Amino acid sequence: MVINLSEQHSLVSNWVAELRDTEIQTDRMRFRRNLERIGEIAAYEISKLLPWEEKEITTPLGSAPSKVLKEQPVLATILRAGLPLHQGLLNYFDRADNAFISAYRKHHRDGSFEISLDYISCPSLENRVVIIADPMLATGSSLVKTVQYLRDEGQPAEMHIVCAIACTVGVEFVHRIEPKVKIWCGAIDDELTAKGYIVPGLGDAGDLAYGTK
Ligand code: URA
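Please read all numbers here as calculations on a predicted model, not as lab measurements.

Here we take up helix α4 (residues 141-151). Turning to α4, its buried residues are S142, L143, T146, V147 and L150. Axial view of α4: buried residues confined to an arc of 135°, hence all on one face.

With that settled, consider the nonpolar core. Grouped together as the largest cluster of nonpolar side chains are 57 residues, with contacts concentrated most on L89, I131, L137, I161, I165 and C185. By residue number, the principal contributor to this core is strand β9 (residues 158-167), which donates eight residues. Excluding residues within four positions of it along the chain, L137 makes contact with L143, I161, C163, A166, C167, G170, V171, I183 and C185.

The next point concerns the pairing of strand β7 (residues 129-133). Across the five residues that make up β7, a large majority, five, are buried. Alternating residues of β7 divide into V129, I131 and A133 and V130 and I132, and every residue in both groups is buried. Alignment of strand β4 (residues 74-79) against β7, held across four bridges, turns out to be parallel. Each residue of the ladder has a partner; that of A76, found in β7, is I132. Two elements, β7 and β9, share five bridges in a ladder whose sense is parallel. Bridging across to β9, I132 finds its partner in I161.

Let's shift gears to unusual backbone geometry. Note that the residue after L79, namely R80, is joined by a cis bond; omega there is -5°. For the peptide bond that leads from V199 to P200, omega is 0°, which places it in the cis range. By the element assignment, P200 lies in the loop between β12 (198-199) and α6 (205-210). The backbone of N127 sits at a positive phi, close to 65°, despite the residue not being glycine. Residue placement: N127 occurs in the loop between β6 (113-121) and β7.

About the thresholds
The residue count restarts for each chain, going from 1 along the sequence in the order it is written. In keeping with the predicted nature of the model, local features appear solely for residues at pLDDT of at least 70, side-chain atom pairs appear and are counted solely at 80 or more, and the whole-chain, interface and lining totals rest on all residues. Buried means a residue has 20 or more other C-beta atoms within 10 Å of its own C-beta, exposed means 12 or fewer, and partly exposed covers the counts in between; C-beta atoms are placed from the backbone. Secondary structure follows DSSP: runs of H or I at least 4 residues long count as helices, runs of E at least 2 residues long count as strands, and numbering of each begins at the N terminus. When we speak of the arc, we mean the arc of directions from the helix axis to the C-beta atoms. By convention the nonpolar core is taken to be a set of buried residues drawn from Ala, Val, Leu, Ile, Met, Phe, Trp, Tyr and Cys and joined through C-beta atoms within 7 Å. For every residue pair, C-beta atoms are placed from the backbone, and the pair is scored as a contact if these atoms sit within 7 Å. One bridge is not enough; two strands pair if DSSP finds at least two bridges between them.

Okay, structure coming up:
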C-alpha cells in the first residue's frame, strides 16, 4: 500500500514543491524544516492506524474518559538524509524508541553501485510498530536492505516507510520483497537516472539538508 500525503493535504504538496525548487532548496534550514513538517504530517496520519486504549484521566476538576496511544512506535532512520524526517516523526511520537542505521551507496567504476550498511543502533523490534524515515525512495535497494537488517532485531508487528518523494520502480521493488510494508510519501515520480536519482526529484537530499558536498 502506498499513500500519497499530497492527495490529502495541500500543505504537503506545497512543502514538496519547495523541496524541489532550485531557488528555495538552497536555504538549508527551510529544506530541513520542510522535511520535518512532512514527517509530522506522516506521524499524524500513521497514528490513526495504531492501537489506542481507553484511559480514565484525573483532571483538577474530575475524571475524563480519554483515548491514549497503547504503545509508542520505534522510529528508524537511515543516516544522514533521514534525520530531518525522523525529527518530524519524533516531534509527534515524542516518547518513541529510536533506531539509527548507516547505509550508503558504494559506487563502482562502471556506474553501478551496491548498498553498504555498517552501523546499527536499535532496540528490540519484536512485535513493535516500526516507522522508517528515508526522504528519497529511489531504487528501493537501501530500504529493502535496511528492512532485512532490522528484522534481525526481532519481527515487528507492522512496518511503515515515510519518504518525501517515492519513485514508482522503488515502490514496486519494496512491495515485491516486503508486500505488507505501508509507504507514506509526499509525491510519486516515475523516472530514475542510470545513477539511481529520482527525476524530476529534488537532487541529493542529504547534501541539500546538510551541505555535505
Ligand atoms: N537519494 C537522493 O538524495 N536523491 C535521489 O534522487 C535518490 C536518492
